[in-house]
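Structural description and commentary
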Amino acid sequence: MNVLLCPLSDPGYLYPALAVGRELRRRAHTVRVLAGPNAAPVTTEAGLDLSAVTDATALSVTQWSVRGPEQYTAVARAVRRLRPDVLVTSVLCHGALVAAEAADLPVVVLGLTAHLWPYRGGDAGPADTHDRTWRLTETLKHYGALRETAGLAPRHDRFPDTPLLGTAFLLRGHPLLEPADAELPPAVSHVGPCWWEPEPAASEPLPDTRPLAYVHLGRTFGGTSLWPRLNAAFTAGTHRAVVELGRSGAPEAAPDADLIVGRRPWMSPLVDRADLVLTNATSAPVLAALLHGKPLLVAPNGSEQQVLATACLRAGVARRLPESGAPAADLRAAVEETANDPQMRSRAEEIGGLLADGKSETRAADAVESAAR
């Protein structure tokens, strides 16, 4: 079988696709990765072959809503050149979905940790249901515009989310992170984290032995920056924090704050050493925390952050960071209480164990093989 991985090129999307690609390669399938030249080092480390695109920004998640035509062009060219039997892509990579439809190819979509769009049934609550419907409507606007640009005939699906789900849509979380009675669309299933990241060159040196918090910043989407609260929470407190900037902007650490700031292509060693993970609630840091049995302190803004933060709170693995303007003592207390909460830690270990035991790459590769039949 000839498999083309065409994920978004940001680590949170690229790395899970590489994990699936490694398992497919182990099964003797031909696997190529469509990505920008900057992905070459990690693709090589994963043992896979890169098919580079010249316009790397076309596959960036920050451009998903505006670079659909460029995505489509890049994937369609690769399909004509490489003649794959199946595509594996990321949620929000609409160019790959449209290219697969145009070429009459099956496509497997790697989703996020929790389902973003409406359920087929179950009581998610009126506010949550409204947000899911709004999110789906806005996503379909971009998808529909791209299909029109590609010259495809209008679709007439029974359910509006059908074209976004591909042949199979794989969530990287666990059913315990969905509402108890949620009924997912038939194409959607939970496979688990599909966790892979590059090996760190060396263990990051830390200047003292104080308890550690791992902080992973997401985009603000016009919401509130975490920096004022981080500066307050980690000044004269019990914990020092290692802050991963991710796709966020320039650091705003106060001179006296106990913060070590940087951008790294990996997080597992630091999460393993930390007492807790503080995050806006995007998939990679949430999954890393759970896989290492660490409780979460969440401060969501937009996009998936609200959905996943709510899922973590509902599952009992997180508490919410006090809002902007809260007293510094309350912020420091939230860090300390989260780090020392035995019930929350036990619940994180429980769900993390289920995720680790789920053989996610195996299940995802099975889904790819089934889609290609």
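Residues numbered from 1 in each chain as written. Predicted model: local features only at pLDDT ≥ 70, side-chain atom pairs only at ≥ 80, totals over all residues. Heavy atoms only, no water.

Things to note about the sheet that holds strand E10 (residues 259–262)
Pairing in this open sheet of six strands is parallel, and the strands run E10-E9-E8-E11-E12-E13 from one edge to the other. The open sheet has two free edges, formed respectively by E10 and strand E13 (318–320), since each of these has just one partner strand. Each strand axis lies, on average, 20° off the axis of its neighbour in the sheet, ignoring direction. Looking at chain direction, strand E8 (residues 212–216) and strand E9 (residues 240–244) are connected through five bridges and run parallel. Bridge pairing in E9 links Ala213 to Ala241. Seen against the sheet, helix H11 (residues 328–339) touches strand E11 (276–279), strand E12 (296–298) and E13 and runs at an angle of roughly 150° to E12. (Pairing = 2+ DSSP bridges. Helix = DSSP H or I, 4+ residues; strand = E, 2+ residues; numbered from the N terminus. Axes fitted to C-alpha atoms, helices over the stretch in contact; angles between N-to-C directions. Contact = heavy atoms within 4.5 Å.)

Quick notes on the pairing of strand E2 (residues 30–35)
Alignment of strand E1 (residues 2–6) against E2, held across four bridges, turns out to be parallel. Looking at E2, one finds that Asn2 is bridged to Thr30. For the handedness criterion, the β-α-β arrangement of E1, helix H1 (residues 11–26) and E2 is classed as right-handed. As paired elements, E2 and strand E3 (residues 49–52) share four bridges and run parallel to each other. Residue Leu34 lies in a different strand from E3, and its bridge partner there is Ser51. Handedness of the crossover joining E2 and E3 through helix H2 (residues 40–45) is recorded here as right-handed. (Right-handed = clockwise from strand over helix to strand, strands pointing away.)

Some details on the pattern of salt bridges
Using the criterion set out here, one finds 16 salt bridges in the structure. For Arg147, the salt bridge is made with Glu101, and the minimal N-O distance between the two is 2.8 Å. Placement of Arg147 in helix H5 (residues 126–150) and of Glu101 in helix H4 (residues 94–102) is noted, with a sequence separation of 46 residues between them. With relative accessibility at 30%, the residue Glu101 sits in the partly exposed group. A salt bridge links Lys141 to Glu138; its shortest N-O distance comes to 3.1 Å. With Lys141 and Glu138 both in helix H5, this residue pair falls three residues apart, about one helical turn. Take Lys141: its relative accessible area is 51%, and that puts it in the exposed class. Where salt bridges share partners, they join Glu23, Arg26, Arg27, Asp366 and Glu369 into one cluster. (Salt bridge = Lys/Arg side-chain N within 4 Å of Asp/Glu carboxyl O. Buried < 20%, exposed > 50% of the residue type's maximum accessible area, 1.4 Å probe, protein only.)

Side note on unusual backbone geometry
Backbone geometry places Leu92, a non-glycine residue, at a positive phi of 80°. Turning to its location among the elements, Leu92 is positioned in the loop between strand E4 (86–90) and H4. Taking the relative accessible area as the measure of exposure, Leu92 reaches 14% and is therefore buried. Residues other than glycine seldom take positive phi values, yet Cys194 does so here, at roughly 50°. Positionally, Cys194 belongs in the loop between strand E7 (188–190) and E8.

Observations concerning H1
For H1, spanning 16 residues, the distance from its first C-alpha to its last is 22 Å, which sits close to the expected 22 Å at 1.5 Å a residue. Among the structural elements, E1, E2, H2, E4, strand E5 (107–110) and helix H13 (360–372) are those in contact with the buried residues of H1. Within two residues after H1, Ala28 carries a phi angle of roughly 75°, on the positive side. (Expected span 1.5 Å × (residues − 1).)

With respect to the nonpolar core
Note on soluble globular proteins: their nonpolar side chains tend to be buried together. Counting residues in each nonpolar core, the largest one holds 70 residues, and the members touching the most others are Leu87, Leu290 and Leu296. No other element matches helix H3 (residues 68–82), which puts seven residues into this core. Leu290 has contacts with Leu177, Leu296, Val317, Ala348, Ile351, Gly352 and Leu355, leaving out every residue within four places of it along the chain. By size, the runner-up hydrophobic cluster in this structure holds 30 residues, among which are Ala19, Leu110, Val191 and Ala371. (Core = buried A, V, L, I, M, F, W, Y, C linked by side-chain atoms within 4.5 Å.)

Things to note about the packing of aromatic side chains
What characterises a pair of aromatic rings is the spacing of the ring centres plus the angle enclosed by the ring planes. A full pass over the atoms with the stated rule returns two aromatic pairs. Measuring from ring centre to ring centre gives 5.5 Å for Tyr15 and Trp196, while their planes differ by 90°; the resulting arrangement is edge-to-face. Remark: Trp196 occurs in the loop between E7 and E8 and Tyr15 occurs in helix H1; sequence separation between them is 181 residues. Summarising the burial analysis for this pair, Tyr15 and Trp196 share the class buried. Above the face of the Phe159 ring, Arg120 is positioned so that its terminal group lies 3.7 Å from the ring centre. (Phe/Tyr/Trp six-rings, centres within 6.5 Å; stacked < 30°, edge-to-face > 60°. Lys NZ or Arg CZ within 6 Å of the ring centre and 35° of its normal.)

Everything listed here is a matter of coordinates, which is why it stays silent on function.
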